[in-house]
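Structural overview for review
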Amino acid sequence: VDFTTDLLRMHAHAIVVGAPAIPLLVLIVASAAMLIGVGYNAFGWAAISATAYTTLGLVAKKLDNLEPENVEPLVWSKRLLAAHALTGLAWAYFAQLECSTCGIEQINVIQAVVIVLAMAATAIVSAALRGAVLAAFTLPVASYTVFSARMNDPVQLTMVVVLIAGLAFFAVVSSYLNSSARSAL
């Protein structure tokens, strides 16, 4: 068994162990969105998110249950990255949620902050899988930038910069943690 297999199994185990926290986060965010007036789109996002994270959890659980000698690292890396990309679709949908009746002028700033927090959590939990942060958050950052932020608003332009910088930063942090884990094995 090689280091890549060990790291994949570490990643799968971290996802399985952390799986119960994700629905709680989604429920909190969706409930808060409903309370401020986002409407039923918030629960649509919650359903998409729950489906995506359940898929990620099931893929991780299947890998976690395999014997190390039965793990094909390239195949499982692709499966896990695809599942992370699926979670990215949920966050991309979140980035596009609108709220004209909320009375909160800078709702997009709140969305960007939530995405950065999700990015940070993913970087920590998914450090054992190279590319997980990029797979999960490239599309949401692009979605926010193209569809949600008003580029003539300095605050929202700043949030675009924060998201892009955050994506780069957390990808580097995750890569560093991955390299540290490789050297520890």
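Data block above holds the structure.
The present account deals with the structure reproduced in this document.

The rules behind these values
- Residues numbered from 1 in each chain as written.
- Predicted model: local features only at pLDDT ≥ 70, side-chain atom pairs only at ≥ 80, totals over all residues.
- Heavy atoms only, no water.
- 1 Å grid on protein atoms, 1.4 Å probe; cavity = no way out; pocket = protein on both sides within 12 Å on 5 of 7 lines; lining within 4 Å.
- Points joined across faces, edges and corners; volume = space filled by probe spheres on them.
- Helix = DSSP H or I, 4+ residues; strand = E, 2+ residues; numbered from the N terminus.
- Nonpolar A, V, L, I, M, F, W, Y, C, P; charged D, E, K, R; others polar.
- Phe/Tyr/Trp six-rings, centres within 6.5 Å; stacked < 30°, edge-to-face > 60°.
- Buried < 20%, exposed > 50% of the residue type's maximum accessible area, 1.4 Å probe, protein only.
- Lys NZ or Arg CZ within 6 Å of the ring centre and 35° of its normal.

**Concerning the layout of surface pockets**
Of the voids in this model, the largest pocket is the one considered here, and its volume is about 350 Å³. Gly 18, Ala 19, Ala 21, Ile 22 and Tyr 53 are, among the 21 residues lining the largest pocket, the residues nearest its centre. Elements supplying a minimum of two residues to the lining of the largest pocket: helix H1 (3–18), helix H2 (21–36), helix H3 (41–65), helix H4 (73–96) and helix H5 (107–125). Looking at which element gives the most residues to the lining of the largest pocket, the answer is H3, with 6 residues. Each residue belonging to the lining of the largest pocket can be placed in one class, and the counts come to 14 nonpolar, 7 polar and no charged. Reported here for the second largest pocket is a volume of approximately 160 Å³. Lining the second largest pocket are 13 residues, with Ala 33, Ile 36, Phe 94, Ile 107 and Ile 110 positioned closest to its centre. When residues of the lining of the second largest pocket are traced back to their parent elements, those giving at least two are H2 and H5. When its residues are assigned to classes, the lining of the second largest pocket shows 11 nonpolar, 1 polar and 1 charged.

**Notes on the packing of aromatic side chains**
Summed over all chains, the structure comprises 5 aromatic pairs. Ring centres 5.4 Å apart and planes at 55° place the aromatic pair Trp 45 and Trp 91 in the tilted group. Of the two residues, Trp 45 is situated in helix H3 and Trp 91 in helix H4; the sequence distance between them amounts to 46 residues. Across the pair, exposure class does not vary: Trp 45 and Trp 91 are buried alike. A ring pair is formed by Trp 91 and Phe 137, whose centres lie 6.3 Å apart and whose planes are at 35°; its orientation type is tilted. With Trp 91 in helix H4 and Phe 137 in helix H6 (residues 132–148), the pair connects residues that are 46 residues apart, well separated along the chain. Of the aromatic side chains, those joined through ring pairs into one cluster are Trp 45, Trp 91, Phe 94 and Phe 137. Sitting over the ring of Trp 76, Arg 79 keeps its end group 4.6 Å from the ring centre.

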